[in-house]
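Observations on the model geometry
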Amino acid sequence: MPKQHSPAVVFDPVGGLHTRDVSLRPAGPGEVEIDVRAAGVCHSDLHIVNGDWPTDRPLVLGHEAAGVVTATGPGVTSVEAGDHVVLSWFAPCRKCRKCIAGQAWLCTGTRAVANTLPDGTTPFRDAQDEEVWPYLGLGAFTDRVVVPEAAAVKVPDDLPFDIGALLGCSITTGVGAVMNTAGVRPGESAVVVGAGGVGLSVVMGLRLVGADPVVAVDLSPERLAVAERFGATHTLDGRATDVATWCQEELGGMDYAFEAIGSPRVIETLPAMLTSGGAAVLVGMAPTDATGAFNLFDLADQGKRILGCNYGSSIGALDIPKLAGLYLAGRLPVDELIGTVRPLAEAPAAFDDLRASAGVRTILRP
Ligand SMILES: NC(=O)c1ccc[n+]([C@@H]2O[C@H](COP(=O)([O-])OP(=O)(O)OC[C@H]3O[C@@H](n4cnc5c(N)ncnc54)[C@H](O)[C@@H]3O)[C@@H](O)[C@H]2O)c1
Ligand SMILES: [Zn+2]
Ligand SMILES: [Zn+2]
């Protein structure tokens, strides 16, 4: 019987961004097959397309997605066919020291960042029978995927797929940066530089924990308006304002400064936004070879801290259902994060939306 192929959005170091037909092998031991219903376009996909994070192999992009389980391989116990799931892009190995210590976001055994399944294989092949690899072990810009069980997190059936998709990356990262990485407390102050899907989720998380004041900085008036509706008390145009000077003069320095762009030049300015003892939280992901410079005397003298943040220091299996519950209870009104909804065939336009910061989060529907 000829293999069934489906279109997938692929980035290839030679051919660039394109659509390629791929076939999917069945779920093996410890794997789950999922019908993808919605996938968000995150800047971490764009980093691949822009060459910030070089790849030597063709990748099916897409790592922020939700869908329905269609089949499970031998030994899978946490989900079954028909379950609604959010895909978690940092599937932990559950065996390494970090996993055992309850720090799944630091897992050293995951193969997700090598863009393979845990056994080092890919479930995708193209029409020439060449391997095509799943970005972050998922490759969600296609209609069906096979992922490790640890990447398929069961959520309530009444959670909208678009919201589920964003729970897969931006919301869990942004809210987790506030609650887990930084541990912001009520009444503490924060500035968030970059108000895309991730930065707006940071703003939402800050409102949830009762931070005040909350300053949002972006170059897009449209995104700053959304930040205001999400609870920012002040908004600043990053082009027109020296943000560090403004934070010191107007608010006496901030307890927390979040960066949600991935810009080395912006990251360098974070410590100067802080009050003594404050923390800079690096949520945006810079190019792999990026370095930066700070005033080292000020950092030590003022007891300032710099915190790295991978996946909002979240444990997908715990934090994704928790955030889904907060959304369904009306405590995390992130509907406005959903921007344009496009068919998969419009992926190039979706990347253009992201480059131009047009709308908020673009969702692709396979
Ligand atoms: N830490 C993690 O685990 C994790 C998870 C997901 C995404 N990320 C990273 O977070 C970053 C943001 O992702 P996103 O999907 O929200 O991106 P996005 O492109 O939607 O948002 C970035 C925003 O930054 C704004 N911006 C750009 N330059 C600016 C400047 N100089 N001053 C102020 N604002 C500026 C843009 O207008 C845009 O609104 C990316 O680097 C992405 O890779 C990290
Ligand atoms: Zn992402
Ligand atoms: Zn691990």
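Residues numbered from 1 in each chain as written. Chains lettered and ligands numbered in written order. Predicted model: local features only at pLDDT ≥ 70, side-chain atom pairs only at ≥ 80, totals over all residues. Heavy atoms only, no water.

**A few points about the environment of lysine 322**
- Relative to the helices and strands, lysine 322 is located in helix α10 (residues 316–328).
- Each C-alpha atom, one on lysine 322 and one on glycine 40, is 20 Å from the other, the two residues being 282 residues apart in sequence. (Helix = DSSP H or I, 4+ residues; strand = E, 2+ residues; numbered from the N terminus.)

**Regarding the pairing of strand β18 (residues 361–365)**
- The element β18 is extensively covered by neighbouring structure, given that four of its five residues are classed as buried.
- Relative to β18, strand β3 (residues 31–40) runs antiparallel, the two sharing two bridges. Each bridged residue has a counterpart across the sheet, and for alanine 39 the counterpart in β18 is leucine 364.
- Where strand β17 (residues 338–343) meets β18, four bridges bridge the pair, whose relative direction is parallel. Its bridge partner being in β18, proline 343 is matched across the sheet by arginine 365.
- Note on the crossover from β17 through helix α11 (residues 347–355) to β18: the handedness is right-handed. (Buried < 20%, exposed > 50% of the residue type's maximum accessible area, 1.4 Å probe, protein only. Pairing = 2+ DSSP bridges. Right-handed = clockwise from strand over helix to strand, strands pointing away.)

**Quick notes on the packing of helix α1 (residues 43–50) against α11**
- At their nearest, the axes of α1 and α11 sit 10 Å apart, and the two run at 105 degrees to each other. The orientation of α1 with respect to α11, classified from their angle, is roughly perpendicular. Packed against α1, whose contacting residues are His43, Asp45, Leu46, Val49 and Asn50, the element α11 presents Phe351, Leu354 and Arg355 at the interface.
- Considered class by class, the residues forming the contact of α1 with α11 number four nonpolar, two polar and two charged. (Axes fitted to C-alpha atoms, helices over the stretch in contact; angles between N-to-C directions. Parallel < 35°, antiparallel > 145°, perpendicular 65-115°, else oblique. Contact = heavy atoms within 4.5 Å. Nonpolar A, V, L, I, M, F, W, Y, C, P; charged D, E, K, R; others polar.)

**Side note on unusual backbone geometry**
- A cis amide bond links aspartate 212 with the next residue in sequence, proline 213, at an omega value of -5 degrees.
- Along the polypeptide, proline 213 turns up in the loop between α5 (197–209) and β12 (214–218).
- Phi is positive for arginine 94, which is not a glycine, with a value near 65 degrees.
- Looking at the secondary structure, you find arginine 94 in the loop between β6 (84–87) and α2 (97–100).
- Phi is positive for serine 313, close to 45 degrees, though the residue is something other than glycine.
- Within the fold, serine 313 resides in the loop between β16 (305–308) and α10.
- On the basis of relative accessible area, serine 313 is assigned to the buried category, the value being 10%.

**Overview of the coordination of the zinc ion (ligand 2)**
- Surrounding the zinc ion (ligand 2) are the protein donor atoms Cys42 (SG), His63 (NE2) and Cys169 (SG), which sit 2.0 to 2.3 Å from the metal.
- Here the donor residues of the zinc ion (ligand 2) share one chain and are spaced in sequence as C-x20-H-x105-C. Of the two residues, cysteine 42 is situated in the loop between β3 and α1 and histidine 63 in the loop between β4 (59–60) and β5 (65–72); the sequence distance between them amounts to 21 residues.
- For cysteine 42, a relative accessible area of 3% gives the class buried. (Donors = N, O, S within 2.8 Å, 3.2 Å for Na, K, Ca; no water.)

**Comments concerning the site of ligand 1**
- Surveying the vicinity of ligand 1 reveals 30 residues, the closest of which are His43, Asp218, Cys309, Tyr311 and Arg361.
- At 2.9 Å from an oxygen atom of ligand 1 is found a main-chain nitrogen or oxygen belonging to valine 198.
- Between ligand 1 and the protein, one listed contact pairs a nitrogen atom with a backbone N or O atom of cysteine 309 at 2.7 Å.
- In the complex, 91% of the free accessible area of ligand 1, which totals 870 Å², lies under the protein chains. (Near = heavy atom within 4 Å. Polar contact = N/O pair within 3.5 Å; in protein donor to acceptor, adjacent residues only side chain to side chain. Areas by Shrake-Rupley, 256 points an atom, 1.4 Å probe, with all protein chains shown as cover.)

**Side note on the pattern of salt bridges**
- Under the criterion given, the structure shown has 19 salt bridges.
- Measuring nitrogen to oxygen at the nearest pair gives 3.5 Å for the salt bridge that ties arginine 144 to glutamate 33. Here arginine 144 is found in strand β9 (residues 144–148), whereas its partner glutamate 33 is found in strand β3, with 111 residues between them in sequence.
- You can call glutamate 33 buried: its relative accessible area is 13%.
- With its nearest N and O atoms 3.6 Å apart, the salt bridge here joins arginine 57 to aspartate 56.
- The exposure class of aspartate 56 is exposed, given its relative accessible area of 70%.
- Residues participating in the shared-partner salt-bridge network are Asp12, Arg20 and Asp126. (Salt bridge = Lys/Arg side-chain N within 4 Å of Asp/Glu carboxyl O.)

**Observations regarding the sheet that holds strand β7 (residues 124–126)**
- What the five strands build is a closed barrel, ordered β1-β2-β7-β8-β4; its pairing is mixed.
- Across two bridges, the pairing between β7 and strand β8 (residues 131–134) is antiparallel. From the neighbouring strand, phenylalanine 124 faces β8, where its bridge partner is valine 132.

**Re α10**
- Given a rise of 1.5 Å per residue, 13 residues ought to cover 18 Å, and the 18 Å separating the end C-alpha atoms of α10 matches this to within 8%.
- Residues of α10 that are buried: Gly316, Asp319, Ile320, Leu323, Ala324, Leu326 and Tyr327. Around the axis of α10, the buried residues are gathered within 160 degrees of arc, so they sit on the same side.
- On its buried side, α10 packs onto β6, β10 (152–154), α3 (161–167), α4 (170–182) and α5.
- Just downstream of α10, glycine 330 is the residue with a positive phi angle, here 80 degrees. (Expected span 1.5 Å × (residues − 1). Arc of directions from axis to C-beta.)

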